[in-house]
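The chain contents come next:
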Amino acid sequence: GSPRHASPGDQAPTVRVKGTIVKVDGSALTLKTADGEAKLTLTGNAQVVAVVKASMADIKENTFLGSAAMPQPDGTQKALEVHIFPEAMRGTGEGHRPYAPVANSTMTNGTAAGATVTGVDGAAIKVKYKDGEKTIVVPANTPIVRYEIGTAGDLKPGTAFTVLAATKK
């Protein structure tokens with residue numbers, strides 16, 4: 001990735017943690033990860049978000065969404081996956097940029113504008129963001145998920161999770 005410049009108020013670098021919850025003790029979680037066991041303490045402002053399977057039917061005009069995609073010769077983006085954000089997360093990562101985890105791919109986060117158009121290659125969604133807009137073509141087998149705001153009460157043993165930004169202690 002490109003170097004990240006520290007700005008005032010920047011915290012320690014964060015890490016992504018994936019795994020399954022083994023034990024919950026108040027705000028302290030014991031997790032089973034690929035590397036073994038990890039301990040995680042939830043901060044008071046930790047946001048718990050559930051990931052639920054969704055479909056094109058969940059994408060309406062004004063839905064805020066994100067899509068990892070491959071740029072196509074005609075200028076459209078062919079979706080690799082689509083994430084639908086709840087209203088409380090509107091604006092998250094808004095814009096269009098390279099998507100590091102997949103070579104040559106992009107990430108577009110923005111608002112669905114107008115009706116979804118079904119074409120030969122899949123459904124096409126026009127996604128507007130502050131600097132422009134992209135047409136995202138969503139082939140029939142593309143994974144589509146919806147984020148739902150949860151609570152710490154949703155964190156139970158056996159629940160799979162991903163922490164996007166954990167600070168190492």
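Note that the structure is a prediction, hence the values are computed from the model and not measured.

Definitions and cut-offs
Residue positions within a chain follow its written sequence, with the count starting from 1. Totals for whole chains, interfaces and linings use every residue, but because this is a predicted model, local features are given only for residues with pLDDT of at least 70 and side-chain atom pairs only at 80 or more, for both listing and counting. Neither water nor hydrogens contribute to the side-chain values; these are computed over all heavy atoms in the structure. Salt-bridge detection follows one rule: a side-chain nitrogen of Lys or Arg within 4 Å of a carboxyl oxygen of Asp or Glu. Exposure is judged per residue with a 1.4 Å probe applied to protein chains only, and the accessible area is read against the type maximum: over 50% gives exposed, under 20% gives buried, and values in between give partly exposed. Starting at the N terminus, helices and strands are each numbered in turn, a helix being any DSSP run of H or I of at least four residues and a strand any DSSP run of E of at least two. Any two strands between which DSSP finds at least two bridges are classified as paired. Stacked, tilted and edge-to-face are the three classes applied to pairs of Phe, Tyr and Trp rings, where Trp contributes its six-membered ring and a pair requires centres within 6.5 Å; stacked means planes under 30 degrees apart, edge-to-face means over 60, and tilted covers the rest. Fitted lines through C-alpha atoms serve as axes, helices being fitted only where they are in contact, and the angles separating the N-to-C directions of these axes extend from 0 to 180 degrees.

**Observations concerning the pattern of salt bridges**
- Enumeration over the complete set of coordinates arrives at five salt bridges.
- One salt bridge in this structure joins Glu148 and Arg146, with 2.4 Å as the shortest N-O distance.
- Taking relative accessible area as the criterion, Glu148 reaches 32% and is therefore assigned partly exposed.
- For Arg146, a relative accessible area of 25% translates into the label partly exposed.
- Each of Asp58, Arg146 and Glu148 takes part in one network of salt bridges that share partners.

**Observations regarding the environment of Val82**
- Within the fold, Val82 resides in strand β6 (residues 77-84).
- Of the residues examined, Val82 reaches a relative accessible area of 1% and is grouped as buried.
- In this structure the C-alpha to C-alpha distance between Val82 and Asn109, which are 27 residues apart in sequence, comes to 9.6 Å.

**What to know about the pairing of strand β3 (residues 36-41)**
- Of the pairings in the sheet, the one linking strand β2 (residues 28-33) to β3 comprises six bridges and is antiparallel in character. Residue pairing in the sheet places Thr33 in a bridge with Gly36 of β3.
- A loop of two residues connects β2 with β3, the two strands running antiparallel in sequence.

**Quick notes on the packing of aromatic side chains**
- Enumeration over the complete set of coordinates arrives at two aromatic pairs.
- Both rings, one in Phe64 and one in Phe85, keep their centres 5.5 Å apart while their planes meet at 55 degrees; by these two values the pair is tilted. A residue pair is termed long-range when its members are at least 10 positions apart, and Phe64 in strand β5 (residues 64-71) and Phe85 in the loop between β6 and β7 (95-98) qualify at 21 residues. Here the two residues Phe64 and Phe85 agree in accessibility, since each one is buried.

**Some words on the sheet that holds strand β12 (residues 160-167)**
- Overall, antiparallel pairing links the four strands, which are arranged β3-β2-β1-β12 in an open sheet. Only two strands of the sheet have a single partner each, and these edge strands are β3 and β12. Along the sheet, successive strands turn relative to each other by an average axial angle of 50 degrees, direction set aside.

**Side note on unusual backbone geometry**
- Even without a glycine there, the phi angle at Asn62 is positive, about 80 degrees.
- In this structure, Asn62 sits in the loop between β4 (49-53) and β5.
- For Asn104, which is not glycine, the phi dihedral falls at a positive 65 degrees.
- Here Asn104 is to be found in the loop between β7 and β8 (106-119).
- With relative accessibility at 66%, the residue Asn104 sits in the exposed group.

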